[in-house]
Amino acid sequence: MKLFLKIGVLGLSLLFVGACDNENATGPEETTVSINKIMPLGASRVEGARPVFESYRYDLWIDLKENGWTFDFIGTRLDQASYPPHEGDEFDKDHEGRSGWTSGQILNGIEGWLSDLSSPDIVLFSSPGGNDGLNGLPYEQAVSNINSIIDILQANNPDVTVIIEQMAPGRSDIMNAELTTYFEKMQQEVENIATDQTTSTSQVIAVDMYSEFKDSYLSDEVHYNEEGADFIANRYYDELINVLEE
C-alpha cells in the first residue's frame, strides 16, 4: 500500500476516536429481561459520528419498530448524538461500537463488556477486521481474533445468534490492490467462519453487505452517509426477521 494512502485511510479510521469518546458515556446499562436483546458490535460504522457520518443503528431501529418487533439494543456505550423520535419513541442509543478499534482491541474488551450487560440474544458483528486491513495488520491474526470473539460470545450465551458482516468496501479510490485483496479474502473467510462456528444452539450467519454497495453510500472514504446507513440496516433487517422471537 502506498504510504500516502495508508496514512489517509488510517487517519479516517482514527479521526473520530477522541471526539466520539467525548460524546459517548461508557457504563453498564440496566439489566433487561426483554426478548431479542441485540448488541451492535464493531467500530466506527457501528458508533457513527452524526452529523459527520451515520451508523446503521437508527434506520434499523425504525425498521424494527415499524414492523412491530419487541427488542432492545444493548451495549455499554451510549450514543449522545441527536436523533428524531419516531412515532413518539426515543431512539435506543445503546451500542458496542468504538471508532478506530481493531479486532484485537475488541477481543481484549469483549469479556468485560459482556460482564456489565445482560447476555445478548443477537449480536450484529460489523465490518470484522476492517480496521485491521486499513492499518495494515496481519490478516491471519484478524481471522483468529474474530473467531475468538465469537467463542467468547457463545461461552457467554450458548444460544446466541451472531450475524457477521461480509463488509462493505471503502470508497473505490482507496481500494488499491492490497486493500481489495484483503477485503475479498475476508468476504470468503466470513462465510467459512459462519459455517465453522455455528453450533446446534448458536447460529452464526454471514450477511452480504458488499454486493450492490456504491461509492454514493459513503460520506467519506469508509463511513456511511444516510443512504448507506439505510442500505446496511435493510440487509440486517432481512436477516433479523428470520431469527427474532415473536
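Look up: the structure comes first, before these words.
A brief structural summary. Here the structure is a predicted model, which means the values were calculated and not measured.

In contact at an axis separation of 9 Å, helix α5 (residues 103-115) and helix α7 (residues 139-156) are set at 10° when each is read in the N-to-C sense. The orientation of α5 relative to α7 falls into the category roughly parallel. Across from Ser103, Gly104, Ile106, Leu107, Ile110, Glu111 and Leu114 in α5, the residues of α7 making contact are Ala142, Asn145, Ser148, Ile149, Ile152, Leu153 and Asn156. Of the residues in the contact of α5 with α7, the class split is eight nonpolar, five polar and one charged.

So, on to the pairing of strand β2 (residues 37-42). Counting buried positions along β2 gives six out of six residues, so the element sits mostly inside the fold. A two-sided burial pattern is seen for β2, the buried positions comprising Lys37, Met39 and Leu41 on one face and Ile38, Pro40 and Gly42 on the other. Two elements, β2 and strand β3 (residues 72-73), share two bridges in a ladder whose sense is parallel. Across the sheet, residue Lys37 finds its bridge partner in β3, namely Asp72. Bridge count between β2 and strand β5 (residues 94-97): two bridges; the pairing is parallel. What sits directly across from Leu41, in β5, is Glu96.

So, about helix α9 (residues 226-240). Relative to the 21 Å expected for 15 residues at 1.5 Å per residue, α9 spans 21 Å between its end C-alpha atoms, a close match to the ideal helical length. Within α9, the full set of buried residues consists of Gly228, Ala229, Phe231, Ile232, Ala233, Arg235, Tyr236, Tyr237 and Leu240. Buried residues along α9 sit in contact with α4 (57-66), β6 (122-125), β7 (161-166) and β8 (204-208). Sitting at the head of α9, Asn225 places a side-chain oxygen 3.1 Å from the backbone nitrogen of Glu227.

A two-sided burial pattern is seen for β5, the buried positions comprising Asp94 and Glu96 on one face and His95 and Gly97 on the other. Alignment of strand β4 (residues 77-79) against β5, held across two bridges, turns out to be antiparallel. Considered in β5, the bridge of Leu78 is made with Asp94.

Under the criterion given, the structure shown has nine salt bridges. Ionic pairing is found between Arg171 and Asp173, a salt bridge with its closest N-O pair at 2.6 Å. Relative accessible area serves as the criterion here: at 27%, Arg171 is assigned to the partly exposed category. Each of Arg171, Asp173 and Glu221 takes part in a single network of salt bridges with overlapping partners.

This part is about the side chain of Arg98. Looking at where Arg98 falls in the secondary structure, it is placed in the loop between β5 and α5. A polar contact of 2.5 Å, which involves the side chain of Arg98, links it to the side chain of Glu96.

This structure, assessed with the given rule, holds two cavities of 30 Å³ or more. Put simply, the largest cavity is a space of about 210 Å³. Ala43, Arg45, Ser127, Gly130 and Asn131 are, among the 23 residues lining the largest cavity, the residues nearest its centre. For the lining of the largest cavity, the secondary structure elements donating two or more residues are α3 (44-47), α5 and α6 (130-134). It is α6 that contributes the most residues to the lining of the largest cavity, four residues altogether.

Our focus in this paragraph is the side chain of Asn36. Structurally, Asn36 is set in the loop between β1 (24-26) and β2. Classification of Asn36 by relative accessible area gives buried; the value is 2%. Within the structure, Asn36 has its side chain in polar contact with the backbone oxygen of Thr70 (distance 2.7 Å). If we skip the residues at most four places from it in the chain, Asn36 touches Thr70, Phe71, Asp72, Asp121, Leu244 and Glu245.

Turning our attention to the packing of aromatic side chains. All told, the structure shown has 14 aromatic pairs when counted by the stated rule. Here Trp61 and Phe91 contribute two aromatic rings whose centre-to-centre distance is 5.4 Å and whose plane-to-plane angle is 70°, an arrangement assigned as edge-to-face. In this pair, Trp61 is assigned in helix α4 and Phe91 in the loop between β4 and β5, connecting sequence segments 30 residues apart. Classification of Trp61 by relative accessible area gives buried; the value is 3%. A network of ring pairs unites the aromatic residues Tyr58, Trp61, Tyr83 and Phe91 as a single cluster. Its end group placed over the ring of Tyr58, Arg50 keeps NZ or CZ at 5.3 Å from the ring centre. Directly above the aromatic system of Tyr139 lies the positively charged group of Lys185, at a separation of 4.1 Å from the ring centroid.

Reading guide: rules and limits
- Residues numbered from 1 in each chain as written.
- Predicted model: local features only at pLDDT ≥ 70, side-chain atom pairs only at ≥ 80, totals over all residues.
- Heavy atoms only, no water.
- Axes fitted to C-alpha atoms, helices over the stretch in contact; angles between N-to-C directions.
- Helix = DSSP H or I, 4+ residues; strand = E, 2+ residues; numbered from the N terminus.
- Parallel < 35°, antiparallel > 145°, perpendicular 65-115°, else oblique.
- Contact = heavy atoms within 4.5 Å.
- Nonpolar A, V, L, I, M, F, W, Y, C, P; charged D, E, K, R; others polar.
- Buried < 20%, exposed > 50% of the residue type's maximum accessible area, 1.4 Å probe, protein only.
- Pairing = 2+ DSSP bridges.
- Expected span 1.5 Å × (residues − 1).
- Polar contact = N/O pair within 3.5 Å; in protein donor to acceptor, adjacent residues only side chain to side chain.
- Salt bridge = Lys/Arg side-chain N within 4 Å of Asp/Glu carboxyl O.
- 1 Å grid on protein atoms, 1.4 Å probe; cavity = no way out; pocket = protein on both sides within 12 Å on 5 of 7 lines; lining within 4 Å.
- Points joined across faces, edges and corners; volume = space filled by probe spheres on them.
- Phe/Tyr/Trp six-rings, centres within 6.5 Å; stacked < 30°, edge-to-face > 60°.
- Lys NZ or Arg CZ within 6 Å of the ring centre and 35° of its normal.

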